[in-house]
Structure formats: C-alpha cells, structure tokens
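Close look at the chain arrangement
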Amino acid sequence: APPDVEVSTALSLEQLPTDPLLLILSFLDYRDLVSCCYLNRRLNQLSSHDPLWKRHCKKYWLISEEEKSRRNQGWRAIFISTYSDLGRYIHYYATLKKAWDDLKQYLGQWCPRMIGSLKESVREEDLDAVEAQIRCKLPDDYRCSFRIHNGQKLVVPGLMGSMALSNHYRSEDLLDIDTAAGGFQQRLGLKQCLPLTFCIHTGLSQYMALESVEGRNKYEIFYQCPDQMARNPSAIVMFITGTSYLEWFTSYVNKVVTGSYPIIRDQIFRYVHDKDCVATTEDITVSVSTSFLPELSSVHPPHYFFTYRIRIEMSKDALPENACQLESRYWRITNAKGDVEEVQGPGVVGEFPVISPGKVYEYTSCTTFPTTSGYMEGYYTFHCLYNKDRFFNVTIPRFHMVCPTFKVSTA
C-alpha cells in the first residue's frame with residue numbers, strides 16, 4: 001500500500017481464534033457470559049461451551065464432580081436448572097450451603113443424634129405462603145437457609161446450643177418455618193418479630209425483626225427480656241445476637257465447627273474460651289470459658305448473670321508423686337465500677353477433686369454483676385497426697401465477662 005494510506009490491523013473480539021477467546025470468556029461472571037449469548041452467533045456458541053460453566057456451578061451452587069455425574073447433565077444445564085430454582089439466592093446460597101454442610105459433618109462426628117432432628121428443605125411456595133400468612137416479607141438469606149434445611153424438630157438437644165447449671169437448663173432448637181410463623185409477634189414491644197429459636201424448658205427465643213420498628217434495626221436478631229421496672233408489660237430489653245440471619249447463623253456454625261464451643265454429653269454448649277485465659281503453675285494448668293445468660297439477667301434493675309466453666313489439668317508428664325488434692329479457693333471479683341469482692345472457701349462446688357498426671361477436672365459455676373461487665377481472678381490451694389505438709393497455690397487466670405449490646409424497646 002502507498003505510504004500515505006493507513007491500513008487497519010485491529011481485530012474485533014469475535015474474530016479472535018477460539019482458544020484465546022474461550023480463555024477470555026472463562027474470566028467472565030455468569031451474567032456477562034449470558035450477555036455474550038446475545039451478541040452474535042459465534043459468541044453464542046462459545047458461551048455455551050460446557051467447561052466454562054464448571055467454575056460457576058462450583059462457586060455459586062457448590063456442585064461437585066460427583067454430583068454432576070449423578071445428575072448426568074452438563075455444567076451449563078446444571079447451572080441453568082439450579083438458577084431457575086434458586087436464582088434469587090445466588091449471593092447467599094454457597095455461604096449458607098457450606099455452613100450447613102460443615103455443621104452436619106461436625107455433628108456426624110460429635111453429636112450424631114442431632115442430625116436426625118434436621119428437617120428437609122421447604123419449597124418456594126411454602127415460604128411465599130408464610131409471607132402471606134404473617135403479611136411480612138422474609139429476608140432472602142433466611143429463605144435461602146430454609147431451602148436447604150427447614151430448621152429442626154422440637155427435640156432436645158437443640159441445634160443452637162445448650163447451657164446447664166445445677167438448677168437451670170436451656171437448649172435452643174432452630175424452629176421450622178411453620179412453627180416460627182405460628183410464633184410471629186404483632187404485640188406491642190415485639191411488633192413484627194419472628195422467632196428463630198425456642199427452648200422448651202425456659203420458653204426463651206431469639207427473635208428476628210422483620211421491620212425497623214420500636215427501636216430495632218430491620219433483620220436484627222435478639223433475646224428479649226422484660227423491663228422489670230417499667231409499668232408497661234410490653235416494655236422489653238433486647239440483647240443483640242446478630243445483625244442479619246446470614247451473619248448470625250454462619251458465625252454460630254463457625255464457632256461450633258472450629259471447636260470454640262465444647263461438646264458435653266452429645267450437646268453443643270455455648271461457652272466461649274479466650275485462648276489467653278490459661279495459667280500454668282508447676283504441672284497444673286487452669287483454663288476458663290464463660291457465657292452470658294440473658295434469661296437470668298435484667299437491665300432494670302441491673303443484674304447481669306454469667307456462668308463460667310473451669311478446666312483443671314495436670315500434665316501427663318508430671319511425676320506420680322506430684323498427685324494432689326484441691327483444698328480451697330480464693331476469688332477476687334471486680335465489677336466495671338472498680339468495686340472488689342473477695343470470696344474464700346473450701347473446695348469447689350462442694351467437691352475436693354484429686355488431680356494426678358494426665359487427669360482433668362472440670363466444673364461449672366456462676367456469678368452476677370450489677371454492671372454490664374466485670375472480671376474474676378484468684379487461686380486454688382492444693383496439698384500434696386504424698387507429702388501432706390506441702391501446700392501450694394495454683395493461679396486462676398483473670399477472665400472477663402461482658403454483656404452483649406442491648407437496646408430498650410421504644411414501644
């Protein structure tokens with residue numbers, strides 16, 4: 001061509017060879033991949049290339065190779081059929097499905113009878129019917145979870161954790177959709193609140209606010225307790241446990257499957273252990289976990305109830321002659337105002353445990369504060385079994401107890 005004539009060498013996207021074009025398409029999200037189908041015939045054909053849809057099936061629907069083989073469908077067909085059923089939940093489904101799968105795998109190992117209490121999924125029309133019944137929209141993350149599992153049967157132990165003291169027991173079930181709808185509240189103080197959990201023994205529930213009324217944020221999750229000093233019986237205090245169903249459920253499952261909550265007698269106990277809350281004296285290690293009990297607490301008047309679980313363990317490498325018996329305890333208890341109370345007494349919970357190499361002793365006790373937080377520390381006095389004249393103190397590490405954020409209803 002003459003030097004003054006400009007020659008265009010630019011290629012349009014669809015003129016690229018197939019392999020680099022497929023590589024480019026492999027980076028697109030499912031929406032853009034669908035859009036390409038409408039641009040021209042070649043991009044339509046390439047966008048339908050089955051391996052391109054494998055990543056999206058795994059990312060959004062957690063479809064494995066085994067499930068694909070079982071369904072005897074291509075990746076694209078699986079994506080489209082799943083999307084037609086669950087498309088409105090595409091931003092929640094993978095997170096909630098993984099949480100449910102992880103939880104069931106963990107329960108299968110540690111609490112197998114709890115798996116039998118889980119109910120099968122519900123249909124879209126079932127969820128629509130509940131919305132029509134309560135005349136309120138359910139959040140999509142809640143709906144999505146119930147498309148995977150419809151909560152559990154009203155049984156003990158409950159999926160959402162237990163708590164036990166000498167004369168108090170609580171175990172919370174995750175309610176199925178129909179039971180939750182039956183407990184939907186329209187009364188003053190709990191207006192437009194849906195129960196998520198229920199304890200058969202105490203009547204305690206965690207509620208989710210379906211609208212921003214009475215001082216609540218939409219989709220906030222909370223325990224409610226009466227305001228004992230208010231004249232109006234509808235005045236309640238709300239201890240906040242979550243800001244959305246997704247955050248509430250997945251954070252709980254994460255604590256369970258990482259072992260943050262102990263398994264005791266085939267049940268999940270909601271004690272929280274601070275990894276720094278451990279102290280070792282000679283061969284004996286003391287660690288502490290704590291829990292706040294909303295059903296035994298009050299804001300007006302201020303009375304915050306906490307339970308703590310203490311583990312005392314002697315190293316398995318200790319010498320047999322180091323075996324010893326707990327003689328007494330000393331506590332120094334400090335509330336948020338700096339007020340200090342000292343407690344001293346024989347044994348622990350009426351017992352005088354013997355500790356020997358490799359042995360563990362655990363017990364549960366409780367305390368109350370007039371403030372929303374406080375801490376405890378102290379020591380145990382032991383005497384040696386093989387040298388009755390030898391006494392020594394074992395440090396109990398300082399452990400803090402903090403009440404969750406709470407609100408007073410504006411009803």
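Remember, predicted model here, so these are calculated numbers, not experimental data. Residue indices follow the written sequence of each chain, beginning from 1 at its first position. The model is predicted, so local features are restricted to residues of pLDDT at least 70 and side-chain atom pairs to those at 80 or more, both for listing and for counting; the totals for chains, interfaces and linings are taken over all residues. Only hydrogens and water are removed before side-chain values are computed, so all heavy atoms of the structure are retained for them.

The next thing to look at is the sheet that holds strand β19 (residues 406-408). When DSSP finds two or more bridges between a pair of strands, those strands are recorded as paired. A helix here means a DSSP run of H or I that spans at least four residues, while a strand means a run of E at least two residues long, and both kinds are numbered starting from the N terminus. With respect to topology, 5 strands assemble into an open sheet ordered β3-β5-β6-β7-β19, the strand pairing being antiparallel. Looking along the sheet, the strands with just one partner apiece sit at the ends: β3 (193-195) and β19. Strand after strand, the sheet turns through a mean of 40° between neighbouring axes, direction not considered. Bridge analysis of strand β7 (residues 236-242) against β19 gives 3 bridges, and the strand direction is antiparallel. When the bridges of β19 are listed, F239 appears paired with F406. Whether two residues are in contact is decided by their heavy atoms: any pair within 4.5 Å suffices. Simply put, an axis is a line fit to the C-alpha atoms, just over the touching stretch for a helix, and the angle between two N-to-C directions goes from 0 to 180 degrees. Contacts between helix α12 (residues 245-257) and the sheet are confined to β5 (206-209), β6 (221-226) and β7, with β7 contributing the most and set at about 65° to the helix.

Salt bridges are identified by distance alone: a Lys or Arg side-chain nitrogen within 4 Å of an Asp or Glu carboxyl oxygen. In this structure the tally under the stated criterion is 28 salt bridges. In this structure, the salt-bridge partner of R309 is E362, at a minimum N-O distance of 3.1 Å. Of this pair, R309 sits in strand β12 (residues 304-314) while E362 sits in strand β16 (residues 360-369), and the two are 53 residues apart along the sequence. Residues joined in a network through salt bridges with shared partners are D85, R88, E124, D128, E131, K137, D140, R143 and R147.

Here the focus is the side chain of R170. Mapped onto the elements, R170 comes out in strand β2 (residues 168-174). Only 3.5 Å separates the side chain of R170 from the side chain of E172, close enough to count as a polar contact. Pairs of N or O atoms within 3.5 Å make up the polar contacts considered here, provided that, within protein, one atom can donate a hydrogen while the other can accept it, and that residues adjacent in sequence are counted only when both atoms are side-chain atoms.

This part takes up the nonpolar core. In this description, a nonpolar core means a group of buried Ala, Val, Leu, Ile, Met, Phe, Trp, Tyr and Cys residues linked to one another through side-chain atoms lying within 4.5 Å. In this scheme, a residue with accessible area under 20% of its type's maximum is buried, one over 50% is exposed, and one in between is partly exposed, where area comes from a 1.4 Å probe on protein chains only. By size, the foremost hydrophobic cluster in this structure holds 61 residues, and its most contacted members are L138, Y142, L159, Y245 and F249. Here this core takes 7 residues from helix α7 (residues 93-110), the largest share from any one element. Not counting chain neighbours up to four residues away, the residues in contact with L138 comprise L127, V130, E131, R143, I177, L194 and L210.

Read across the open sheet, the 4 strands follow the order β10-β11-β12-β16; overall the sheet is antiparallel. Edge strands, defined here as strands with exactly one partner in the open sheet, are β10 (272-281) and β16. Each adjacent strand pair in this sheet contributes to an overall mean axis angle of 20°, direction not counted. As paired elements, β12 and β16 share 10 bridges and run antiparallel to each other. Note that in β16 the partner of T307 across the bridge is C366.

Quick look at the domain arrangement of the chain now. What the domain assignment reports for the chain is domain 1 (13-88), domain 2 (94-258) and domain 3 (272-403). Listed as interface residues are 6 residues of domain 1 and, on the opposing side, 7 residues of domain 2. Using a 1.4 Å probe, buried area is obtained as the accessible area two parts lose upon being combined, added over both of them. Interface area, domain 1 with domain 2, both sides summed: about 570 Å², of which 44% is carbon and sulfur. Three residues, L62, D85 and R88, lead the burial of domain 1 against domain 2; their summed loss comes to 76% of the area buried on that side. At the boundary of domain 1 with domain 2, the tally comes to 3 salt bridges. For R88, the salt bridge identified is with D140, shortest N-O distance 2.8 Å. At the junction of domain 1 with domain 2, the criterion picks out 2 residue pairs in polar contact (both at pLDDT 80 or more). Each domain's limits were defined by an automated method or a database of domain assignments.

A word on the UniProt feature "domain: ApaG" (unreviewed entry) in the chain. UniProt positions are given in the numbering used here, feature names are shortened, and annotations may be inferred rather than shown by experiment. Following the UniProt record, the feature "domain: ApaG" (unreviewed entry) maps to residues 278-408 here. The distance from the first to the last C-alpha atom of residues 278-408 is 36 Å, and the span holds 0% helix and 63% strand.

It is worth spelling out the pairing of β5 at this point. Burial along β5 is two-sided: the residues Q206 and M208 and Y207 and A209 are all buried. By the bridge criterion, 3 bridges tie β3 to β5 in an arrangement that is antiparallel. Its bridge partner being in β5, C193 is matched across the sheet by A209. Here β5 pairs with β6 via 3 bridges, running antiparallel. Paired with M208 across the strands is I221, a residue of β6.

Attention now goes to the pairing of strand β13 (residues 324-335). Both β13 and strand β15 (residues 354-355) contribute to a ladder of 2 bridges, which runs antiparallel. By the bridge assignment, Q325 is partnered in β15 with V354. Sheet analysis places β13 next to strand β17 (residues 373-384), joined by 11 bridges and oriented antiparallel. Paired with Q325 across the two strands is H383, which belongs to β17. Direction of pairing for β13 relative to strand β14 (residues 340-346): antiparallel, over a ladder of 7 bridges. Within β14, the position partnered with R329 by the bridge is G345. In sequence, β13 turns back onto β14 through a hairpin of 4 residues, with G338 there showing a positive phi of about 90°.

Along the chain, P397 falls in strand β18 (residues 391-402). P397 gets classed as buried once you look at its relative accessible area, which sits at 8%. Not counting the four nearest positions on each side in its chain, P397 is found in contact with C277, V278, A279, V286, V288, M376 and E377.

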